[in-house]
Amino acid sequence: MKALTLYQPWATLVTYGVKCIETRTWPTAYRGPLVIHASKNVRYMPHLLVLLHRGQIPPEVSDLPYPTGALLGEACLIHCAPAAWFLQGPDGIAAQEQALGDYGRGRWGWVFREARPYERAEPWRGRQGLWTLDRHKDTDNERLRS
């Protein structure tokens, strides 16, 4: 199965369906299910507090779990388009969604649906880019789970 590593808090917010568009510097032709992996890097966690303080996201998200270095859940990637496309039209995207991404020039929006968190986060080493998760052959991660 394909997987995508995201920084926290974005990984949790995608997994729980709070964030439905992930903005990236590159497009993908892939469509289908993805495992969402949370990076160990927490440099964006302070953004969560800023977004909460500004009222740009619901206060309930502060109660969600934000594990790092783990597989969090799955979501279905259904669309990918230039980020500017999401800002067009009479309404554009919702203010909350816009606050959760970088819709600047040269960025791409990956649209997720049917997000669902796993019951428990599973410790796992991630990778950059879109990567293939193989729970049966990945011996590096076997040590993390032991």
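Provided above is the structure to which this section pertains.
This write-up is about the structure you can find in this document. In this text the structure is predicted, and so the values were computed from the model without any measurement.

Looking now at the pairing of strand β1 (residues 2-6). Where burial is concerned, most of β1 is hidden: 4 out of the 5 residues are buried. Alignment of β1 against strand β3 (residues 32-38), held across 5 bridges, turns out to be parallel. Of the residues in β3, the one forming a bridge with Lys2 is Leu34. Here β1 runs beside strand β6 (residues 130-132); their pairing, made up of 3 bridges, is antiparallel. What sits directly across from Lys2, in β6, is Thr132.

With that out of the way, let us pick up the packing of aromatic side chains. One pass over the full model with this rule turns up 5 aromatic pairs. Ring centres of Tyr7 and Tyr44 lie 5.2 Å apart, and the angle between their planes is 45°; this geometry places the pair in the tilted category. You can see Tyr7 sitting in the loop between β1 and α1 (10-15) and its partner Tyr44 sitting in the loop between β3 and α2 (45-53), a full 37 residues away along the chain. A centroid spacing of 6.3 Å and a plane angle of 65° characterise the contact between Phe86 and Tyr103, whose relative ring orientation is edge-to-face. With a gap of 17 residues between them, Phe86 in the loop between β4 (70-82) and α3 (95-99) and Tyr103 in the loop between α3 and β5 (108-123) connect regions that are remote in the sequence. Of the two residues, Phe86 and Tyr103, neither departs from the other in class, the shared state being buried. Chaining the aromatic ring pairs together yields one cluster made of Tyr7, Trp10 and Tyr44. Cation over ring: Lys19 sits above Trp10, and NZ or CZ is 5.5 Å from the ring centre. Lying over the aromatic face of Trp110, Arg24 brings its terminal NZ or CZ to 5.8 Å of the ring centre.

Membership of the largest hydrophobic core comes to 14 residues, with the highest contact counts inside it found for Leu4, Leu6, Ala11, Ile36, Trp110 and Phe112. When residues of this core are traced back to their parent elements, those giving at least two are β1, α1, β3, β4 and β5. Setting aside its immediate chain neighbours within four residues, Phe112 contacts Leu4, Val14, Cys20, Glu22, Leu34, Ile36, Ala75, Cys76 and Leu77. Counting residues in hydrophobic clusters, the runner-up holds 10 residues, among them Ile57, Val61, Leu64 and Tyr66.

Rules used in this analysis
- Residues numbered from 1 in each chain as written.
- Predicted model: local features only at pLDDT ≥ 70, side-chain atom pairs only at ≥ 80, totals over all residues.
- Heavy atoms only, no water.
- Buried < 20%, exposed > 50% of the residue type's maximum accessible area, 1.4 Å probe, protein only.
- Helix = DSSP H or I, 4+ residues; strand = E, 2+ residues; numbered from the N terminus.
- Pairing = 2+ DSSP bridges.
- Phe/Tyr/Trp six-rings, centres within 6.5 Å; stacked < 30°, edge-to-face > 60°.
- Lys NZ or Arg CZ within 6 Å of the ring centre and 35° of its normal.
- Core = buried A, V, L, I, M, F, W, Y, C linked by side-chain atoms within 4.5 Å.
- Contact = heavy atoms within 4.5 Å.

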